[in-house]
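Below are the chains, spelled out letter by letter.
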Amino acid sequence: QAQLVESGGGLVQAGGSLRLSCAASGRTFSTYAMGWFRQAPGKEREFVASKTWSGARTYYSDSVKGRFTISRDNAKNTVYLQMNSLKPEDTAVYYCAADFSGSAWDYWGQGTQVTVSS
């Protein structure tokens, strides 16, 4: 069983940057992919980015492509989301997730708040 611990959220001005971290522990050998999602107040959860644990495949939503970068440190079992050129519309609770099957997101972190002021 994997446990995901997120950190790095906070308040930042528009145009600024933040780096979110998601540390995975437990049965990480079973992890196929890690992903980032976000949910703004009153909105549906939306996909942000994902990467297979091997790093072979990476995906981004159109809304963040070119601004956000997902990466991983295999030695630390940690996945990062580098967020640059932040916009107020990026304000949301950001969640990391782990995919063990290659077809579904099986585990989720607790979420970390990102607030971008104008």
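Our subject is the structure that appears above.
Here is a short report on the structure shown in this document. (Residues numbered from 1 in each chain as written. Predicted model: local features only at pLDDT ≥ 70, side-chain atom pairs only at ≥ 80, totals over all residues. Heavy atoms only, no water.)

**Digging into the pattern of salt bridges**
Summed over all chains, the structure comprises 3 salt bridges. Its salt-bridge partner being Arg38, residue Glu46 comes within 2.7 Å of it at the nearest N-O pair. Look at the salt bridges and you will find they share partners, linking Arg38, Glu46, Arg67 and Asp90 into a network. (Salt bridge = Lys/Arg side-chain N within 4 Å of Asp/Glu carboxyl O.)

**Looking at the nonpolar core**
Grouped together as the largest cluster of nonpolar side chains are 24 residues, with contacts concentrated most on Trp36, Val48, Phe68, Leu81, Met83 and Tyr94. Only β3 (18–26), β4 (33–39), β5 (46–52), β7 (68–73), β8 (78–83), β9 (92–99) and β11 (112–117) provide two or more residues apiece to this core. In this structure, Val48 is in contact with Trp36, Phe37, Arg38, Tyr59, Tyr60, Ser61, Val64, Phe68, Leu81 and Tyr94, ignoring residues within four places of it in sequence. (Core = buried A, V, L, I, M, F, W, Y, C linked by side-chain atoms within 4.5 Å. Buried < 20%, exposed > 50% of the residue type's maximum accessible area, 1.4 Å probe, protein only. Helix = DSSP H or I, 4+ residues; strand = E, 2+ residues; numbered from the N terminus. Contact = heavy atoms within 4.5 Å.)

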